[in-house]
Amino acid sequence: MEKQKLWINGIAVILIPIVVAWVSNTFASAIKQNEVQGQFVEIAIDILKETPDEDNPKENLRKWAINIVNKYSGVPLDSATTKELTYDFSLLANKTITIPVPEYQNSQFIGKKTYVHPNFSESLDRLNDFAQGSGIEIYVTSSFRTSSNSQIRQISPATRSRHLIGYAIDVNVKYADKFYNSRLLSKYPNDLPDPVVEFIQHIIDNPLLEWGGHFNVKDPVHIGLIATEEEYDKIYLEMVDGILTDSKPIQ
Ligand SMILES: [Zn+2]
């Protein structure tokens, strides 16, 4: 009996300081964490107190601030308030999104309606001539695309997608009643009929054009007009203005 008690006492002597140290350590870090969190909430509230500026809504910063408040304040915001605090979307919601580029049509172009920037038309005319000569039809699956409202005010989208400025089309190539899609075109120059190979070669050889099959992430259905970053940003801003002011398409 006496032996067992001693043994338990022994454990207690060793364990109690460890437990005390552990508990106080946990408390200390909890307090520290609360302080940091408190500071974050303060910063977040400062950000949200600012009235969003239409030209520079700092939307991502405001979203971050809202997340901080939701996480650490103990009183999460409801979704309507979150929306109001992020950005006054009513500014954009009442705008009709017009397509700021004209429709492009030509004899070999089939598929979806094609909207491209007029700068791209001449290259597409040449592509059309080539396709006509070799019995190819160009089935367009995608052309001009808008970014979503929430991104529309960005100076330039991270990817500088040519589709956002009407400088790109995605196509399947139709030859002898067969469609050559992304999977088939990615085999270029193998396993494709000569006219299809020549069609792609024609795109590659045109110094004004870029073919998506040469991208790091292969996108063989993509045909784009080359633009410098400066040119891209200039056109992108014109597009955004065109969309936001309901102006007529760029002709
Ligand atoms: Zn594309």
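**Some points on the overall build of the protein chain**
Consideration 1: Along the backbone of the protein chain there are 8 helices and 8 strands.
Consideration 2: Evaluated residue by residue, the protein chain yields a buried proportion of 23% over its 251 residues.
Consideration 3: Expressed as a percentage of contacts within the protein chain between residues at least 6 apart in sequence, the contacts between residues at least 24 apart total 63%.

**Some words on the environment of Ser156**
Consideration 1: Here Ser156 is to be found in the loop between β4 (136–142) and β5 (168–175).
Consideration 2: Note on Ser156: 15 C-beta atoms within 10 Å, which makes it partly exposed.
Consideration 3: On a C-alpha basis, the gap between Ser156 and Lys234 in space is 9.2 Å, while along the polypeptide they are 78 residues apart.
Consideration 4: Dropping the residues within four chain positions of it, Ser156 is found in contact with Tyr232, Asp233 and Tyr236.

**Considering the pairing of β5**
Consideration 1: With 6 of 8 residues buried, β5 lies mostly within the body of the structure.
Consideration 2: For β4 and β5, the ladder comprises 6 bridges, and the chain directions are antiparallel. The residue bridging Glu137 from the neighbouring strand is Lys174, located in β5.
Consideration 3: Here 3 bridges tie β5 to strand β6 (residues 178–180), and the two strands are oriented antiparallel to one another. Across the sheet, the residue bridging to Val173 is Tyr180, located in β6.

**Focus on helix α5 (residues 118–133)**
Consideration 1: In this model, α5 (16 residues) spans 23 Å end to end at C-alpha, consistent with the 22 Å of a helix rising 1.5 Å per residue.
Consideration 2: Among all positions in α5, only Phe120, Leu124, Leu127, Asn128 and Ala131 are buried.
Consideration 3: Where α5 is buried, its residues meet β1 (103–104), β2 (109–111), β4, α7 (194–205) and β8 (222–225).
Consideration 4: Gly135 sits one or two residues past α5 and shows a positive phi near 70 degrees.

**Looking at unusual backbone geometry**
Consideration 1: A cis amide bond, omega 0 degrees, links Tyr188 with the succeeding residue Pro189.
Consideration 2: Turning to its location among the elements, Pro189 is positioned in the loop between α6 (182–185) and α7.
Consideration 3: Positive phi, close to 45 degrees, is recorded for Arg160, a residue that is not glycine.
Consideration 4: Note on placement: Arg160 falls in the loop between β4 and β5.
Consideration 5: A positive phi angle is found at Asp177, which is not glycine, with a value near 65 degrees.

**Thoughts on α7**
Consideration 1: Its 12 residues give α7 an end-to-end C-alpha distance of 16 Å, which sits within 8% of 16 Å, the value for a rise of 1.5 Å per residue.
Consideration 2: Buried residues in α7 make contact with α5, β4, β5, β6, β7 (209–211) and β8.

**Here we look at the pairing of β8**
Moving residue by residue along a regular strand, the side chains alternate between the two faces of the sheet.
Consideration 1: The side-chain alternation of β8 yields two buried faces, one formed by His222 and Gly224 and the other by Ile223 and Leu225.
Consideration 2: As paired strands, β5 and β8 are joined by 3 bridges and run antiparallel to one another. Within β8, the position partnered with Asp170 by the bridge is His222.
Consideration 3: Relative to β8, β7 is paired through 3 bridges, and the arrangement is antiparallel. Its bridge partner being in β8, Glu210 is matched across the sheet by Gly224.

**Looking at the environment of Asp219**
Consideration 1: Its location among the elements puts Asp219 in the loop between β7 and β8.
Consideration 2: Classification of Asp219 as partly exposed rests on a count of 18 C-beta atoms within 10 Å.
Consideration 3: For the pair formed by Asp219 and Ser186, sequence separation is 33 residues and the distance between their alpha carbons is 7.7 Å.

**Remarks on the nonpolar core**
Consideration 1: Val116, Ile138, Val171, Val173 and Ile223 are the most contacted members of the largest nonpolar core, which totals 37 residues.
Consideration 2: Broken down by secondary-structure element, the contributors of at least two residues to this core are α5, β4, β5, α7, β7, β8 and α8 (229–244).
Consideration 3: Sequence-distant contacts of Val173, defined by excluding residues within four places in its chain, comprise Ile136, Ile138, Tyr180, Leu185, Val196 and Phe199.

Criteria and thresholds
- Residues numbered from 1 in each chain as written.
- Predicted model: local features only at pLDDT ≥ 70, side-chain atom pairs only at ≥ 80, totals over all residues.
- Helix = DSSP H or I, 4+ residues; strand = E, 2+ residues; numbered from the N terminus.
- Buried ≥ 20, exposed ≤ 12 C-beta atoms within 10 Å, placed from the backbone.
- Contact = placed C-beta atoms within 7 Å.
- Pairing = 2+ DSSP bridges.
- Expected span 1.5 Å × (residues − 1).
- Core = buried A, V, L, I, M, F, W, Y, C linked by C-beta atoms within 7 Å.

All quantities given are derived from atomic positions and should not be read as evidence of function.
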